[in-house]
Structure formats: structure tokens, C-alpha cells
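# A look at the structure
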Amino acid sequence: FHLSWSKSDNKKTIQVPMHLNLKKKKILQNIKEKKILMLLNSELLYNLRIRHQPICGQILEDYSLWKNFINNLDNKIRNNLIIRPHPSHDSWNLVEKCNRDFGENYISKRSLLKDDTNRAKIIVDTHIQSPFFENMKTGIPMITLFNRTILNMDTKTSELFDIFLENKIIVQNSIEASTHIKSIWKNPLEWWNNSKVMYARDLFTEFSSMETKNNLLFWKNILNKHIKNSEI
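In this text, all values refer to a predicted model and were calculated from it rather than measured experimentally. (Residues numbered from 1 in each chain as written. Predicted model: local features only at pLDDT ≥ 70, side-chain atom pairs only at ≥ 80, totals over all residues. Heavy atoms only, no water.)

The subject of this paragraph is the nonpolar core. Judged by nonpolar contacts, the single largest core of 60 residues is most densely connected at Ile-36, Met-38, Trp-66, Phe-69, Ile-83, Phe-164 and Ile-181. Looking at this core, the element that brings in the most residues is helix H1 (residues 59–71), giving six residues. Discounting residues that sit within four places of it in the chain, Ile-36 has contacts with Phe-69, Ile-77, Asn-80, Leu-81, Ile-82, Ile-122, Val-124, Ile-181 and Trp-185. (Core = buried A, V, L, I, M, F, W, Y, C linked by side-chain atoms within 4.5 Å. Buried < 20%, exposed > 50% of the residue type's maximum accessible area, 1.4 Å probe, protein only. Helix = DSSP H or I, 4+ residues; strand = E, 2+ residues; numbered from the N terminus. Contact = heavy atoms within 4.5 Å.)

Put into C-alpha cells, the structure is as follows:
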């Protein structure tokens with residue numbers, strides 16, 4: 001058997017709650033913060049495996065997408081921008097490019113992700129990895145600027161992806177993304193908590209980020225059960 005965040009029809013797959021601080025989805029009623037936080041992706045110089053993320057130098061194509069998005073933001077919004085580079089590596093010198101194209105004052109110097117999300121009014125993610133899953137729990141309105149033409153997804157995940165596109169939780173075009181940010185900037189929670197987007201968020205919880213009454217106890221019971229079975 002194996003454990004997975006995502007729901008699966010495979011009988012050997014057990015869906016479990018996310019272990020990222022075992023958070024449950026928040027529904028915020030107000031946000032006092034003013035910043036727009038943009039989380040950057042990065043890639044190694046050489047590819048190690050097949051996946052749906054950009055490979056090697058393809059990250060530079062993504063950077064062009066991000067740059068176009070930022071340059072099309074209204075000045076009022078752009079002045080509140082925080083750019084958070086990928087924390088583990090910068091093989092393609094993306095921080096240097098950001099400093100050159102936007103100015104170093106926009107680059108976050110904070111070490112912990114939560115220190116930046118705590119001052120965000122809107123989050124703009126750029127890849128569907130752990131931060132995406134974690135930020136979907138915060139209640140802070142989020143879009144993901146993500147343009148990949150080939151994705152390895154099962155039918156349910158593909159349907160969810162299409163719903164995210166329809167509701168602009170995922171946006172594939174930089175101009176569309178900046179226009180959407182402008183349209184929701186005054187009160188992003190009005191968009192994030194509307195019935196259609198909430199339906200998409202609930203589906204995400206069901207398919208890819210399940211919640212139980214006690215997530216930690218659920219993990220404990222699952223692990224204890226299979227430890228005992230392995231000893232028989």
C-alpha cells in the first residue's frame with residue numbers, strides 16, 4: 001500500500017490528510033493586509049526525472065510569463081508586491097533577474113514562508129507543489145500563474161484543473177492574470193468566497209487535501225494499524 005494526499009481508485013492507495021502542519025481549510029471574512037505575494041519557482045540546471053514542472057531552461061520561459069504579469073499590474077498594486085524566490089536553489093539566477101527587472105526592494109528577505117503569507121492580501125503562486133497545497137488552506141485569496149501544456153493527471157484531477165481554470169484559481173495567461181488581480185483587488189475575499197470558487201475549493205479539499213475531525217489522530221491510527229499488520 002502507499003499513502004497519498006489525493007483520492008485514488010487504486011485499492012492499495014490510502015488517502016490521508018496533508019501533513020503540512022495538519023492544517024484545515026480556513027474561510028476568512030476579512031483581510032487587513034495590503035501586500036500581493038508572488039511565490040517563484042526554480043529549477044536545477046539538469047533534469048533528474050519526468051514531471052509536469054518546467055524542465056531545466058524552460059524555467060526561463062516561465063520567468064518571461066511572470067515578468068509580463070508584473071509589468072502589467074497597476075502601479076498601486078505593483079507597489080505592494082512582494083517577490084519570494086524559491087528557497088532552496090537559484091541555478092538560473094532568477095533573483096539577479098528580478099533585481100535587475102523590478103528592483104531589489106521587491107524581493108523578500110524573510111526566511112519563513114508564513115512570515116510573508118501573514119502580510120499578504122493576495123497570493124500569486126507559480127507552480128503546483130507543496131506551497132500551493134499549503135496556501136490553499138490559509139483562506140487567503142490565491143491564483144496560480146501556471147502554463148503547462150502537458151500534465152499527467154487522472155480524470156478527477158483533470159476535471160478539478162478545468163474548474164480551477166474556469167474560476168481563475170489557475171490562470172495560464174499573464175495579461176488575464178493581471179486583469180483578474182485588478183478586478184478583485186478592492187475586495188479579493190468577495191471573489192474567493194463566492195459560491196463557485198468555494199465549490200472548487202471544496203472539491204480540492206475532497207480530492208487532494210482531505211480533512212478529518214482530527215487529522216493527527218487519523219495519521220496515528222493509520223500508521224499504528226499498518227505497523228501491527230507488518231509484524232504479523
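Now that the structure has been shown, the text picks up again.
What the five strands build is an open sheet, ordered S4-S3-S5-S6-S7; its pairing is parallel. Since the sheet does not close on itself, it has two edges, and those belong to strand S4 (81–84) and strand S7 (170–171), each with one partner. Strand direction decides the pairing type here: strand S3 (residues 35–39) and strand S5 (residues 120–125), joined by four bridges, are parallel. In the strand pairing of S5, Ile-36 is matched with Ile-122. (Pairing = 2+ DSSP bridges.)

What follows is about the pattern of salt bridges. According to the stated counting rule, one finds 10 salt bridges in the structure shown. Across the salt bridge formed by Glu-206 and Lys-7, the nearest N and O atoms sit 3.0 Å from each other. Within this pair, whereas Glu-206 is found in helix H9 (residues 195–208), its partner Lys-7 is found in the loop between strand S1 (2–4) and strand S2 (13–15), the two being separated by 199 residues in sequence. For Lys-7, a relative accessible area of 29% translates into the label partly exposed. One salt bridge in this structure joins Lys-168 and Glu-176, with 3.7 Å as the shortest N-O distance. (Salt bridge = Lys/Arg side-chain N within 4 Å of Asp/Glu carboxyl O.)

Among the six residues of S5, six are classified as buried, and the element is accordingly described as predominantly covered. With three bridges connecting them, S5 and strand S6 (residues 142–145) associate as parallel partners. Across the sheet, the residue bridging to Val-124 is Ile-143, located in S6. You can see the chain leave S5, run along helix H5 (residues 130–135) and come back into S6, and the turn it takes is right-handed. (Right-handed = clockwise from strand over helix to strand, strands pointing away.)

Now for the packing of H1 against helix H3 (residues 94–101). Relative orientation of the contacting elements H1 and H3 amounts to 25 degrees, with a least axis distance of 12 Å. When the axes of H1 and H3 are compared, the pair comes out roughly parallel. Where H1 crosses over H3, the two elements pack in a sense that is right-handed. Along its contact with H1, which presents Ile-59, Leu-60, Tyr-63, Trp-66 and Lys-67, the element H3 presents Leu-94, Lys-97, Cys-98 and Asp-101. Here the contact of H1 with H3 is composed, by residue class, of six nonpolar, no polar and three charged. (Axes fitted to C-alpha atoms, helices over the stretch in contact; angles between N-to-C directions. Parallel < 35°, antiparallel > 145°, perpendicular 65-115°, else oblique. Left-handed = near helix turned anticlockwise from the far one by under 90°. Nonpolar A, V, L, I, M, F, W, Y, C, P; charged D, E, K, R; others polar.)

Our focus in this paragraph is the packing of H1 against helix H7 (residues 174–184). Interaxial distance between H1 and H7 falls to 8 Å at its minimum, and their mutual angle equals 35 degrees. Of the two possible hands of crossing, H1 and H7 adopt the one that is right-handed. On H7, the residues that touch Leu-65, Asn-68 and Phe-69 of H1 are Ser-174, Ile-175, Ala-177, Ser-178 and Ile-181.

On to the packing of aromatic side chains, then. Scanning the entire structure with this criterion turns up eight aromatic pairs. An angle of 45 degrees between the planes, with centres 5.5 Å apart, marks the rings of Phe-133 and Phe-204 as tilted. Of this pair, Phe-133 sits in helix H5 while Phe-204 sits in helix H9, and the two are 71 residues apart along the sequence. Taking relative accessible area as the criterion, Phe-133 reaches 13% and is therefore assigned buried. Judged by centre distance (6.0 Å) and plane angle (35 degrees), the rings of Phe-164 and Phe-204 are tilted. One end of the pair, Phe-164, is in helix H6 (residues 155–166); the other, Phe-204, is in helix H9, with 40 residues separating them in the sequence. (Phe/Tyr/Trp six-rings, centres within 6.5 Å; stacked < 30°, edge-to-face > 60°.)

Residues of S6 alternate between two faces, with Met-142 and Thr-144 on one and Ile-143 and Leu-145 on the opposite face, all of them buried. For S6 and S7, the ladder comprises two bridges, and the chain directions are parallel. Across the sheet, the residue bridging to Thr-144 is Ile-170, located in S7.

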